[in-house]
Number of protein chains: 2
Amino acid sequence: MVKARVTVTLKNGVLDPQGKAIGAALASLDFEGVENVRQGKVFDLELATDDRQAAKDELNAMCEKLLANTVIEDYTVEIE
Amino acid sequence: MVKARVTVTLKNGVLDPQGKAIGAALASLDFEGVENVRQGKVFDLELATDDRQAAKDELNAMCEKLLANTVIEDYTVEIE
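Below or above, wherever it landed, is the structure these notes cover. If you're wondering where the values come from, they're calculated on a predicted model, not measured in any experiment. (Residues numbered from 1 in each chain as written. Chains lettered and ligands numbered in written order. Predicted model: local features only at pLDDT ≥ 70, side-chain atom pairs only at ≥ 80, totals over all residues. Heavy atoms only, no water.)

Details of helix H1 (residues 17–28) of chain B
- Relative to the 16 Å expected for 12 residues at 1.5 Å per residue, H1 of chain B spans 16 Å between its end C-alpha atoms, a close match to the ideal helical length.
- Among all positions in H1 of chain B, only Gly19, Ile22, Gly23 and Leu26 of chain B are buried. Taken end-on, H1 of chain B shows its buried residues confined to a sector of 100 degrees, consistent with a single buried face. Residues of H1 of chain B that are exposed and angled more than 90 degrees away from the buried face: Pro17, Lys20 and Ser28 of chain B.
- Looking at the buried side of H1 of chain B, the elements it contacts are strand E2 (34–47) and helix H2 (52–67) of chain A together with strand E2 (34–47) of chain B. (Helix = DSSP H or I, 4+ residues; strand = E, 2+ residues; numbered from the N terminus. Expected span 1.5 Å × (residues − 1). Buried < 20%, exposed > 50% of the residue type's maximum accessible area, 1.4 Å probe, protein only. Arc of directions from axis to C-beta. Contact = heavy atoms within 4.5 Å.)

In structure tokens, the structure reads:
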């Protein structure tokens, strides 16, 4: 069994309205000094293989096909 | 300036319909051996302070008040 974490974040320069809204909400809760907030997604996956390299290749393919919109998002794959 | 990453994930035992849907979608794309998928959120924040401990305390408070639903979610705070 391979356990992995995929983190998907917006590319630099891509507007993040959700992040902006969270920043405003934090300010309204009197949190000062919050200069920038960007939100992304994280996926924790368990794969029924012990081949770490095969798992890494498959996870990259999953990102390219489904987990990330590679036009506007970057992704990283970490295997435990 | 302090840069930090907050990762919010569902607690163990909490059902994750979104994760289940992603798992099914991956299977329909012929990705085999995907045993479990759980989705969470990641926030990248920039704080206008150089006091790392104060930033950590503030980030924890942000999680408790807004970024995480601590009834069903866990969170981690990493400062760069």
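Observations concerning the relation of the copies chain B and chain A
- The two copies are related by a screw operation: chain B maps onto chain A through 180 degrees of rotation and 0.0 Å of translation along the axis, at an RMSD of 0.0 Å. On the angle and the small slide along the axis, the relation comes out as a two-fold axis. In terms of C-alpha distance to the rotation axis, chain B has lysine 41 of chain B as its closest residue, with the C-alpha 2.3 Å off the axis.
- When the interface residues of chain B are mapped onto chain A, 100% of them again lie at the interface, so the same face is used by both copies. (Least-squares fit on C-alpha atoms with pLDDT ≥ 70 in both.)

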